[in-house]
Amino acid sequence: MAEVQDIFGKKVVGKAGPASFYTLFGKTIMRSLPGKRTGPQSPQQVRNQERFKAIRAFCSPFKDVVIPQIWNSLATTSSGYHLFMKTNSPAFDMDGILSDPMKIRLSMGKLPLPQGMKAHRTSEGSTTIAVQWDKDPSLGGLPARDQLMVISSAGGKFSEMKPTGLTRADLAGTFELPPMAEPASHVYLFFQSLDLRYYSESMCCAL
């Protein structure tokens, strides 16, 4: 991997012979292309490839919203996409099945996540969720106005990121689940700063 100076003031992107060029943090990077495989792949290699494809399929819906908004600013040695993929890969088993939704992290960041956060349906089958968390006496002023965000999940699918209408200072309240084709099985809750620049780690709650 090597840094390449732009040619005639233009970015160099794409493949050229045995190398590929891409942009990372405003710099053009050259990387050697992998050589062609010879001989049949082992069952373990095939299994690893299928797992990687499944994780990429999981990440794909977040490329336009969650990753640019939250993860790009967190990445230091790679892209936000690769950081998101690496962080969430432990939730998938060796066959590429999302085996532990509680390990999924849809948000990360410098904002603190309150202690004692809980969420549940207000009644069986309801789309209204009641949520509560403990007060942090050290937080006041603008942090008290951090907005609670939600993403719901069902059958391995995820909803859009939505504000709940609640702030950190509320300590409790209710909100409606983002619409999905199937009833949600999990919600991912996290806080967003008022200026939309900072986020907390997400927390998964089974419904």
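Residues numbered from 1 in each chain as written. Predicted model: local features only at pLDDT ≥ 70, side-chain atom pairs only at ≥ 80, totals over all residues. Heavy atoms only, no water.

### Observations concerning unusual backbone geometry
Now for step 1: Notably, L171 is not glycine yet its phi reads approximately 70°, a positive angle.
Now for step 2: Note that L171 resides in the loop between strand 9 (162-167) and strand 10 (172-176).
Now for step 3: Assessed through its relative accessible area of 27%, L171 is described here as partly exposed.
Now for step 4: In the Ramachandran plot, L196 falls in the positive-phi region, its phi being about 65° despite a non-glycine side chain. (Helix = DSSP H or I, 4+ residues; strand = E, 2+ residues; numbered from the N terminus. Buried < 20%, exposed > 50% of the residue type's maximum accessible area, 1.4 Å probe, protein only.)

### Observations regarding helix 3 (residues 80-88)
Now for step 1: Within the sequence span of helix 3, burial applies to G80, Y81, F84, M85 and N88. Each buried residue of helix 3 sits inside an arc of 135° when the element is viewed along its axis, so together they form one side.
Now for step 2: Residues of helix 3 that are buried in the fold lie against helix 1 (43-59) and helix 2 (66-71). (Arc of directions from axis to C-beta. Contact = heavy atoms within 4.5 Å.)

### A closer look at helix 1
Now for step 1: Under the 1.5 Å per step criterion, the end-to-end length of helix 1 is 25 Å for 17 residues, consistent within 8% with the ideal 24 Å.
Now for step 2: Where helix 1 is concerned, the buried positions are R51, I55, F58 and C59. Projected down its long axis, helix 1 shows its buried positions confined to an angular sector of 100°, all on one face. Exposed side chains of helix 1 directed beyond 90 degrees from the buried face belong to P43, K53 and A57.
Now for step 3: Buried residues belonging to helix 1 abut helix 2, helix 3 and strand 8 (157-158). (Expected span 1.5 Å × (residues − 1).)

### Section: the environment of I67
Now for step 1: One can find I67 in helix 2.
Now for step 2: Classification of I67 by relative accessible area gives buried; the value is 3%.
Now for step 3: When the C-alpha atoms of I67 and H82 are compared, they prove to be 9.7 Å apart, with 15 residues separating the residues in sequence.
Now for step 4: Once residues lying within four places of it in the same chain are set aside, the contact partners of I67 are C59, F62, N72, G80, Y81 and F84.

### A look at the nonpolar core
Soluble globular proteins tend to bury their nonpolar side chains together.
Now for step 1: Judged by nonpolar contacts, the single largest core of 23 residues is most densely connected at F58, F62, F84 and L106.
Now for step 2: Elements with a contribution of two residues or more to this core: helix 1, helix 2, helix 3, strand 7 (147-154) and strand 11 (186-192).
Now for step 3: The dominant element in this core, judged by the number of residues it contributes, is helix 2, at four residues.
Now for step 4: Once you skip the residues sitting within four places of it in the chain, L106 turns out to touch F58, F62, V66, I70, W71, F84, I151, F158, Y188 and S202.
Now for step 5: By size, the runner-up hydrophobic cluster in this structure holds 16 residues, among which are L148, L177, F191 and C205. (Core = buried A, V, L, I, M, F, W, Y, C linked by side-chain atoms within 4.5 Å.)

### Some remarks on the packing of aromatic side chains
Now for step 1: Taken as a whole, this structure holds 10 aromatic pairs when the rule is applied.
Now for step 2: Judged by centre distance (5.5 Å) and plane angle (70°), the rings of F58 and F158 are edge-to-face. Of this pair, F58 sits in helix 1 while F158 sits in strand 8, and the two are 100 residues apart along the sequence.
Now for step 3: Put simply, the rings of F58, F62, W71, F84, F92, F158 and Y188 touch in pairs and so form one group of aromatic residues.
Now for step 4: Its guanidinium or amino end placed over the ring of Y81, K63 lies 5.8 Å from that ring's centre, counting from NZ or CZ. (Phe/Tyr/Trp six-rings, centres within 6.5 Å; stacked < 30°, edge-to-face > 60°. Lys NZ or Arg CZ within 6 Å of the ring centre and 35° of its normal.)

### Quick notes on the side chain of Q192
Now for step 1: Locating Q192 in the fold gives a position in strand 11.
Now for step 2: A residue is classified by how much of its surface remains accessible, and Q192, at 5% relative accessible area, is buried.
Now for step 3: Within the local environment of Q192, its side chain forms a polar contact with the side chain of Y199, the two groups lying 2.9 Å apart.
Now for step 4: Excluding residues that lie within four positions of it along the chain, Q192 makes contacts with Q69, L111, D146, Q147, M149, Y198 and Y199. (Polar contact = N/O pair within 3.5 Å; in protein donor to acceptor, adjacent residues only side chain to side chain.)

### What to know about the pairing of strand 6 (residues 128-132)
Now for step 1: Of all five residues making up strand 6, four are buried, and the element is well covered by its neighbours.
Now for step 2: Where strand 5 (residues 118-121) folds back onto strand 6 in an antiparallel hairpin, the turn is made up of six residues, including G125, whose phi is positive at roughly 80°.
Now for step 3: Relative to strand 10, strand 6 is paired through five bridges, and the arrangement is antiparallel. Its bridge partner lying in strand 10, Q132 is registered against A172. (Pairing = 2+ DSSP bridges.)

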